[in-house]
Structures are given as structure tokens and as C-alpha cells.
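# Observations on chain architecture
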Amino acid sequence: MQLLKYTVLRLGIFLVVFLGLWWGLKWPIFVAGLVGLVIAFAVSYLFFNNLRLRANQDVGKAFNKTTASKSEKQLADEAAEDSYDESQRRPQDPTA
């Protein structure tokens with residue numbers, strides 16, 4: 001839920017700045033967009049840092065829930081692949 005709040009807040013800041021510059025001051029659309037992005041980033045980073053960190057935690061929790069636990073066979077296969085890969089990475093002895 002924190003991610004949604006943070007996203008809406010940043011989007012709102014961007015739109016206020018962008019539309020103010022584009023419609024209000026008649027700046028070119030590209031310049032108004034870039035300035036809006038920079039200001040929205042700076043304001044949200046400086047003044048809404050706690051909300052940003054909580055949103056980051058929410059995303060981390062969501063990704064941790066989606067990782068499937070691996071079976072013993074999958075873990076054994078990965079160990080075999082890793083050992084083979086490590087043996088191929090070792091420098092080969094040219095005299096052998």
C-alpha cells in the first residue's frame with residue numbers, strides 16, 4: 001500500500017509542476033517535462049524519504065513471497081552445476 005501512496009504522490013508533484021510550467025508559463029512541453037521530473041524526484045527524495053523506504057520494503061516483501069522454495073533435487077542439481085562450472089574456470093595446466 002505504501003508503494004501506491006508514494007507513486008501517487010510523485011505523480012501528483014510531477015503533474016503540478018509540469019502543467020504549471022506548460023500551461024501556466026507556456027514552456028515547451030519537453031522542457032516542462034524534464035523540469036517536472038527533476039523537481040518531483042528531488043522533492044520526493046528529500047521530503048518523503050520515510051515513505052520511499054517503506055514502499056521499498058513493501059516491494060521487497062512482495063518479491064520474497066513469490067520466490068519458490070527449491071526441492072532437494074534442484075539444490076543437488078545446482079550444486080553439481082556449480083562444481084562443474086568452477087572446475088572449468090580453474091586455469092588448466094599446459095604441461096599435463
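- Taking an unreviewed UniProt entry as the reference, the protein is identified by name as Divalent metal cation (Fe/Co/Zn/Cd) transporter belonging to Glutamicibacter protophormiae.

### With respect to the packing of aromatic side chains
- Under the counting rule described, the total for this entry stands at four aromatic pairs.
- Centroid distance Trp-22 to Trp-23: 5.9 Å. Interplanar angle 20°. Geometry classified as stacked.
- By relative accessible area, Trp-22 is classed as partly exposed at 29%.
- For the ring pair Phe-41 and Tyr-45, a centre distance of 5.7 Å and an interplane angle of 20° mean the geometry is stacked. Separated by four residues within a single helix, Phe-41 and Tyr-45 lie in helix H2 (residues 29–47), roughly one turn from each other.

### Quick notes on H2
- An ideal rise of 1.5 Å per residue puts 27 Å on 19 residues; H2 measures up with 26 Å between its terminal C-alpha atoms.
- All buried positions along H2 are accounted for by Ala-32, Gly-33, Gly-36, Ala-40 and Ser-44. Viewed along the axis of H2, the buried residues span an arc of 95°, placing them on a single side of the element. Facing away from the buried side of H2, by more than 90 degrees, are the exposed residues Phe-30, Val-38 and Leu-46.

### Quick notes on the UniProt feature "transmembrane region" (unreviewed entry) in the protein
- Cross-referencing UniProt, the feature "transmembrane region" (unreviewed entry) maps to residues 7–23 and 29–48 in the present numbering.
- Its end C-alpha atoms 27 Å apart, residues 29–48 is made of 95% helix and 0% strand.

### Some remarks on the pattern of salt bridges
- Counted under the stated rule, the structure contains two salt bridges.
- Lys-73 is paired through a salt bridge with Asp-77; the nearest N and O atoms lie 3.3 Å apart. Here Asp-77 and Lys-73 lie together in helix H4 (residues 72–89), a separation of four residues that amounts to about one turn.
- Linking Asp-85 and Arg-89 is a salt bridge whose minimum nitrogen-to-oxygen distance equals 2.9 Å. Of this pair, Asp-85 and Arg-89 both sit in helix H4, four residues apart, which is roughly one turn of that helix.
- Arg-89 gets classed as exposed once you look at its relative accessible area, which sits at 60%.

Here is what the cut-offs are and how they apply
Within each chain, residue numbers correspond to sequence positions counted from 1 in written order. Local features in a predicted model are, by the rule used here, given only for residues with pLDDT of at least 70; side-chain atom pairs are given and counted only at 80 or more, and totals for whole chains, interfaces and linings are based on all residues. For side-chain calculations, the full set of non-hydrogen atoms in the structure is used, while hydrogens and water are omitted. Stacked, edge-to-face and tilted labels apply to pairs of Phe, Tyr and Trp rings (six-membered ring for Trp) whose centres lie within 6.5 Å, assigned for plane angles under 30 degrees, over 60, and everything in between, in that order. For each residue, the accessible area found with a 1.4 Å probe, counting protein chains only, is set against the maximum for its type, and the residue is called buried under 20%, exposed over 50%, and partly exposed in between. Labels follow the DSSP assignment, with helices taken as runs of H or I lasting at least four residues and strands as runs of E lasting at least two, numbered in each case from the N terminus. The span you would expect from a helix comes to 1.5 Å times its residue count less one. In this context, the arc is that of the directions from the helix axis out to the C-beta atoms. UniProt positions are given in the numbering used here, feature names are shortened, and annotations may be inferred rather than shown by experiment. Throughout this description, the term salt bridge denotes a Lys or Arg side-chain nitrogen within 4 Å of a carboxyl oxygen of Asp or Glu.

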